[in-house]
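Each chain is listed here by its residues.
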Amino acid sequence: MRVLAMALKHLRTLTPLLRFNCQSKTFGKDSTKTILVSVKSYSAQHGGEDTERAAGQTVVSERTGSVVTVAINRPEVRNAVNQETARRLLEELKAFDSDPGLNVAILHGKGGNFCAGYDLKELANHTGPSKLEQDVTKGPGPMGPSRLQLSKPLIAAVSGFAVAGGLELALLADLRVVEESAVMGVFCRRFGVPLIDGGTVRLPRLIGLSRALDLILTGRPVGAQEALAYGLANRVVPDGQALQAALELAEQISSFPQQCLRADRASAMYGCYDAPSFTQAMQYEIDHGIPVIQAEAVAGALKFTFGVGRGGKYS
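Residues numbered from 1 in each chain as written. Predicted model: local features only at pLDDT ≥ 70, side-chain atom pairs only at ≥ 80, totals over all residues. Heavy atoms only, no water.

Oppositely charged side chains can pair when the atoms bearing their charge come close. Applying the stated rule across the entire model yields 10 salt bridges. Here Arg87 ties to Glu84 by a salt bridge, and the two come within 2.8 Å at their closest N and O atoms. Of the two residues, Arg87 and Glu84 both sit in helix α2 (residues 83-98), three residues apart, roughly one turn of that helix. When salt bridges that share partners are traced, they join Glu84, Arg87, Arg88, Glu91 and Glu92 into one network. (Salt bridge = Lys/Arg side-chain N within 4 Å of Asp/Glu carboxyl O. Helix = DSSP H or I, 4+ residues; strand = E, 2+ residues; numbered from the N terminus.)

Time to look at the pairing of strand β6 (residues 154-158). Residues in a regular strand project their side chains so that they alternate between the two faces of the sheet. Within β6, five of the five residues are buried, which leaves the element mostly enclosed by the surrounding structure. Here β6 shows no split at all, with Leu154, Ala156 and Val158 on one side and Ile155 and Ala157 on the other all buried. Looking at chain direction, strand β5 (residues 104-109) and β6 are connected through three bridges and run parallel. Within the sheet, the bridge partner assigned to Ile106 lies in β6 and is Ile155. (Buried < 20%, exposed > 50% of the residue type's maximum accessible area, 1.4 Å probe, protein only. Pairing = 2+ DSSP bridges.)

With that out of the way, let us pick up the pairing of β5. Across the six residues that make up β5, a large majority, six, are buried. Neither face of β5 is left uncovered, since the one carrying Val104, Ile106 and His108 and the one carrying Ala105, Leu107 and Gly109 both have all their residues buried. Since strand β4 (residues 67-72) and β5 lie parallel, the crossover through α2 that links them has a hand, and here it is right-handed. (Right-handed = clockwise from strand over helix to strand, strands pointing away.)

Contact pair helix α4 (residues 165-172) / helix α5 (residues 199-207): the axes reach a minimum separation of 10 Å and the direction vectors enclose 55 degrees. Regarding the angle of α4 to α5, the classification is oblique. With respect to the hand of their crossing, α4 and α5 are arranged in left-handed fashion. In this structure, α4 contributes Glu168, Leu171 and Leu172 to the contact, and α5 contributes Gly199, Arg202, Leu203 and Leu206. Of the residues contributing to the contact of α4 with α5, the split by class is four nonpolar, one polar and two charged. (Axes fitted to C-alpha atoms, helices over the stretch in contact; angles between N-to-C directions. Parallel < 35°, antiparallel > 145°, perpendicular 65-115°, else oblique. Left-handed = near helix turned anticlockwise from the far one by under 90°. Contact = heavy atoms within 4.5 Å. Nonpolar A, V, L, I, M, F, W, Y, C, P; charged D, E, K, R; others polar.)

As a further point, take the side chain of Gln57. Mapped onto the fold, Gln57 is located in the loop between β2 (48-50) and β3 (59-64). Separated by 2.8 Å, the side chain of Gln57 and the backbone oxygen of Val59 make a polar contact. (Polar contact = N/O pair within 3.5 Å; in protein donor to acceptor, adjacent residues only side chain to side chain.)

Glancing now at the nonpolar core. The biggest cluster of nonpolar side chains holds 48 residues, and the ones touching the most others in it are Phe114, Leu169 and Leu232. Among the elements of the structure, β4, α2, β5, β6, α4, α5, α6 (209-218) and α7 (224-230) are those that each provide at least two residues to this core. Setting aside its immediate chain neighbours within four residues, Leu232 contacts Leu167, Leu171, Arg176, Met184, Leu203, Ile207, Leu215 and Ala227. (Core = buried A, V, L, I, M, F, W, Y, C linked by side-chain atoms within 4.5 Å.)

Right, let's talk about a nonpolar patch on the surface for a bit. Together, Ile286, Ile290, Ile293 and Val298 make up a nonpolar patch on the protein surface, roughly 340 Å² of accessible area in all. Val298 sits in the partly exposed class, given a relative accessible area of 44%. (Patch = residues over 30% accessible without salt bridge, like charges linked within 9 Å, V, L, I, M, F, W, Y side chains within 5 Å. Areas by Shrake-Rupley, 256 points an atom, 1.4 Å probe, with all protein chains shown as cover.)

Attention now moves to the packing of α5 against α6. Running from amino to carboxyl end, α5 crosses α6 at an angle of 135 degrees, the nearest separation of the two axes being 7 Å. One way to sum up the angle between α5 and α6 is to call them oblique. Read as a crossing pair, α5 and α6 show a hand that is right-handed. Here Thr200, Leu203, Pro204 and Ile207 of α5 lie close against α6, whose contacting residues are Leu209, Arg211, Ala212, Leu215 and Ile216.

The next thing to look at is the environment of Thr64. Positionally, Thr64 belongs in strand β3. Look at Thr64 and you get buried, because its relative accessible area is 7%. As a C-alpha pair, Thr64 and Leu247 span 183 residues in sequence and 9.1 Å in three-dimensional space.

Now for the sheet that holds strand β10 (residues 222-223). Judged by pairing direction, the sheet is mixed, and its three strands sit side by side in the order β7-β9-β10 without closing on themselves. Two strands close off the open sheet at either side, each with one partner strand: β7 (161-163) and β10. This element, α4, spans β7 and β9 (183-185) of the sheet and lies at about 90 degrees to β7.

Looking now at the packing of aromatic side chains. Overall, the coordinates contain two aromatic pairs when judged by the stated rule. With a centroid separation of 6.2 Å and an interplanar angle of 65 degrees, the aromatic rings of Phe161 and Phe187 are classed as edge-to-face. Separated by 26 residues along the polypeptide, Phe161 in strand β7 and Phe187 in the loop between β9 and α5 bring together distant segments of the chain. With respect to class, Phe161 is no different from Phe187; both count as buried. A centroid spacing of 4.2 Å and a plane angle of 10 degrees characterise the contact between Tyr270 and Tyr284, whose relative ring orientation is stacked. Note that Tyr270 is positioned in helix α9 (residues 258-274) and Tyr284 in helix α10 (residues 278-305), a separation of 14 residues in sequence. Positioned above the aromatic ring of Phe96 is the side chain of Lys152, whose terminal nitrogen or guanidinium carbon lies 4.7 Å from the ring centre. (Phe/Tyr/Trp six-rings, centres within 6.5 Å; stacked < 30°, edge-to-face > 60°. Lys NZ or Arg CZ within 6 Å of the ring centre and 35° of its normal.)

That's the geometry; what it means functionally is another story.
Listed below in structure tokens is the structure:
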């Protein structure tokens, strides 16, 4: 009831979902003890690091060592995504994926909300036919990066509303760190807007078809604890702490041998989405795991013989 009351409280001002067009296609170290290190602004739009953010920028990125945070910066509309924001999100995540100095990205929203979906005011004021790229191999999704197949981990730090297209952006991530008062859901159900940014593809794979259909068919709000029980949320943290918790998780992931981590991640993704059979999934796993043994596993085994990691220690 608390979750429903919160959703109803914000219903009048909530900018729902949808999505639209942009352009182009997609694809396919030492641990630190504190997150409070020097942070540099990072923008793919301006060729990497910037000393300060341009006024009015709809997406803001900051780099902390091998981790980059990518923030939707439209708090006045609960971070609803317009065409410009979709384009910038795509740019930033593609830049992250191609940057050899970055290991993990975090996607979040400024001002207390993750993302309320597509900006329906922009859609309502649009004249002429919408130009949506139907061939998913030739162009981006309406929300921007939703058709990406990243080669490195992405974490979503979820606060406030992550609904409609915003939920679909959260589903793009490998892991979701969710604040206690966050609300997730297919709120677009009320307006006859379909899930066309991967929602019907990723959600059943993450939480199972039965639970996914419950959310897809009803459009009901889902609170953090239910999301955790479903496997939709991976961590639940107090309000205001999602980004910090995501940064700590990203630093941990970034500290591991990366070739091995990415090979295992790629194999899990292939087995879940692309493998036509169990045998081919197993073959993919061994084919991509063998090169890692010489590259990283031998050195790791040597560390173990000297006592590193004994007793399950991570430090």
